[in-house]
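An overview of the molecular structure
Spelled out from the first residue to the last, the chains are:
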Number of protein chains: 2
Amino acid sequence: MKIGELSTLTGCSVQTIRYYEKEHLLPKTQRSEGNFRLYDDASVEHLLFIKRCRSLDLSLSEIRQLLELRYSPNAPCDEVSHMLSSHINHVRARIEELINLEDQLASLLHSCPSQGTVKKCEILKNLTATQKIMS
Amino acid sequence: MKIGELSTLTGCSVQTIRYYEKEHLLPKTQRSEGNFRLYDDASVEHLLFIKRCRSLDLSLSEIRQLLELRYSPNAPCDEVSHMLSSHINHVRARIEELINLEDQLASLLHSCPSQGTVKKCEILKNLTATQKIMS
DNA sequence: TTTAAACTCTCTAGTCACTATAGAGTCAAG
DNA sequence: CTTGACTCTATAGTGACTAGAGAGTTTAAA
Ligand SMILES: [Zn+2]
Ligand SMILES: [Zn+2]
Ligand SMILES: [Zn+2]
Ligand SMILES: [Zn+2]
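So, here is what we can say about the structure in this document. (Residues numbered from 1 in each chain as written. Chains lettered and ligands numbered in written order. Predicted model: local features only at pLDDT ≥ 70, side-chain atom pairs only at ≥ 80, totals over all residues. Heavy atoms only, no water.)

As a further point, take the overall build of chain A. Helix and strand counts for chain A stand at six helices and two strands. Across chain A, helices and strands are ordered from the amino to the carboxyl terminus as α-α-β-β-α-α-α-α. Computed over its C-alpha atoms, the radius of gyration of chain A comes to 24 Å, more than 25% above the 14 Å expected for a compact globule of 135 residues. Dimensions of chain A, computed from C-alpha atoms along their principal axes, come out at roughly 70 × 40 × 20 Å. (Helix = DSSP H or I, 4+ residues; strand = E, 2+ residues; numbered from the N terminus. Rg over C-alpha atoms; globule rule 2.2 N^0.38 Å.)

Encoded structure:
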């Protein structure tokens, strides 16, 4: 199949597929006489693997490592779980940050009745102050 | 004061300060005879305002709008709170996404005892499957 | 006074994971 | 034989910086 069909089958854009090839996440394929890339069912599966990993917010370099493991059947499997748990730590850390942000933003929003003019806006005053807002 | 002092006073790097000027978040300053940028206390305050907004993950274009409001003392203040509540929605949406991710990653991690070889790794099998993992 | 260090200037390129063009070539249907 | 859909490569843009080259300026010590 050609790149367009792979694209519709996987939901990855044509440019993204070519980009993954350039980044060595997809192997270079055969080409047709007219220099079109040719794919098969294994390509679909491979690309869907990548897509699933991306949907878990794994970086391309994390995915590259997972792909290497995937094609090293005798490697110890705890490398896989080690990678995933370090990634879950990235996610958890980011969640913490964002919840903290949410609190601060909510406090800011509550600090002003939002009925006057900018001149007296408590939100802007709080943003100007360097210390953290008390809730 | 010169850019280096502004940098240490605010904790923004020299390059970042120049970048903010290029992006019109900081006004163009006076220059010394030797073409060095010169700043004053108002610059410090202005830059700290930006820094505080960035620490709340506001985008530079959101900050540009806030800065405009900040220098329009008679504008209605609800524009400020409107902007902040739309931003808090960005944050909340991202938190939702990440919590969902965390769940999926945790399920994946639990799906494999991680004691065999890659060949039998349930994590990789689950990543290969296209449907979502059941927890 | 010289000279070295520390600072500043502009300009360019790199980061990440794409996305969006431009301009050219290929292929199938009508 | 032409039209249109598809594909190719190469390049530039996104956001918010960061890093570096190569040149000029200032300050302090030797
Ligand atoms: Zn990660
Ligand atoms: Zn207000
Ligand atoms: Zn926002
Ligand atoms: Zn496993």
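So, next bit.
Moving on, we get to the relation of the copies chain A and chain B. Under the fitted operation, chain A is carried onto chain B by 0.0 Å of movement along the axis and a turn of 180 degrees, and the coordinates agree to an RMSD of 0.1 Å. Both copies of the chain, as the preceding transformation shows, are related through a two-fold rotation axis. By C-alpha distance to the rotation axis, the residue of chain A lying nearest is A:I95, at 3.0 Å. Here 100% of the interface residues in chain A have copies in chain B that are interface residues too; the copies meet face to matching face. (Least-squares fit on C-alpha atoms with pLDDT ≥ 70 in both. Contact = heavy atoms within 4.5 Å.)

Residues and elements named next belong to chain B. Of the protein atoms, only E62 (OE), E62 (OE), H87 (ND1) and H90 (ND1) coordinate the zinc ion (ligand 3), at distances of 2.1 to 2.8 Å. One way to put it: the four donor atoms around the zinc ion (ligand 3) meet at angles of 50 to 154 degrees, and that makes the site irregular. The sequence pattern describing where the donors of the zinc ion (ligand 3) fall on their chain is E-x24-H-x2-H. With E62 in helix α4 (residues 60–70) and H90 in helix α5 (residues 78–110), this residue pair connects regions lying 28 residues apart in the sequence. E62 sits in the buried class, given a relative accessible area of 9%. (Donors = N, O, S within 2.8 Å, 3.2 Å for Na, K, Ca; no water. Tetrahedral: all angles 85-135°; square planar, octahedral: opposite > 155°, others 65-115°. Buried < 20%, exposed > 50% of the residue type's maximum accessible area, 1.4 Å probe, protein only.)

Below, the discussion takes up the interface of chain A and chain B. Each partner contributes residues to the interface: chain A has 55 residues there, and chain B has 55 residues. Summed over both sides, the interface of chain A with chain B buries roughly 4700 Å², with 74% coming from carbon and sulfur. Viewed at the interface, chain B and chain A are joined by four salt bridges. With a shortest N-O distance of 3.0 Å, A:D57 and B:R94 are connected by a salt bridge. (Buried area = accessible area lost by both parts, 1.4 Å probe. Salt bridge = Lys/Arg side-chain N within 4 Å of Asp/Glu carboxyl O.)

The protein atoms donating to the zinc ion (ligand 4) are A:C77 (SG), B:C112 (SG) and B:C121 (SG), with metal-donor distances spanning 2.0 to 2.2 Å. Here A:C77, found in the loop between α4 (60–70) and α5 (78–110), pairs with B:C112, found in the loop between α5 and α6 (122–128), and the two come from separate chains. Judged by its relative accessible area of 9%, B:C112 is buried.

Before going further, it helps to examine helix α2 (residues 14–22) of chain A. All names here are of chain A. All of the buried residues in α2 are I17, Y20 and E21. Summarising the axial view, the buried residues of α2 lie within an arc of 100 degrees, below the 170-degree limit, and thus occupy one face. Among the exposed residues of α2, those pointing more than 90 degrees away from its buried face are Q15 and K22. In this structure, the buried side of α2 is in contact with α1 (3–10), β1 (30–31), β2 (37–38), α3 (41–55) and α4. Just beyond α2, the residue with positive phi is H24, at close to 65 degrees. (Arc of directions from axis to C-beta.)

Our focus in this paragraph is the layout of surface pockets. Unfilled space is identified by rolling a water-sized probe across the atoms. Residue and element names in this part refer to chain B. Of the pockets and cavities examined, the largest pocket occupies roughly 230 Å³. For the largest pocket, the lining is made up of 13 residues, of which P27, D40, A42, S43 and H46 are closest to its centre. Across the lining of the largest pocket, the residue classes tally to six nonpolar, four polar and three charged. (1 Å grid on protein atoms, 1.4 Å probe; cavity = no way out; pocket = protein on both sides within 12 Å on 5 of 7 lines; lining within 4 Å. Points joined across faces, edges and corners; volume = space filled by probe spheres on them. Nonpolar A, V, L, I, M, F, W, Y, C, P; charged D, E, K, R; others polar.)

As a further point, take the pattern of salt bridges. Residue and element names in this part refer to chain A. Using the criterion set out here, one finds 16 salt bridges over all chains in the structure. For R37, the salt bridge is made with E21, and the minimal N-O distance between the two is 2.8 Å. Residue R37 is found in strand β2, and its partner E21 is found in helix α2; the two are separated by 16 residues along the sequence. A residue is classified by how much of its surface remains accessible, and R37, at 18% relative accessible area, is buried. By relative accessible area, E21 is classed as buried at 8%. Via salt bridges that share partners, E21, R31 and R37 belong to a single interconnected network.

Moving on, we get to the packing of aromatic side chains. Residues and elements named next belong to chain A. All chains considered together, the criterion is met by two aromatic pairs over all chains. Residues Y19 and Y20 carry aromatic rings whose centres are separated by 6.2 Å and whose planes lie at 45 degrees to one another, so their mutual orientation is tilted. Residue Y19 is classed as partly exposed on the basis of its relative accessible area of 38%. Accessibility expressed as a relative area gives 8% for Y20, which makes it buried. (Phe/Tyr/Trp six-rings, centres within 6.5 Å; stacked < 30°, edge-to-face > 60°.)

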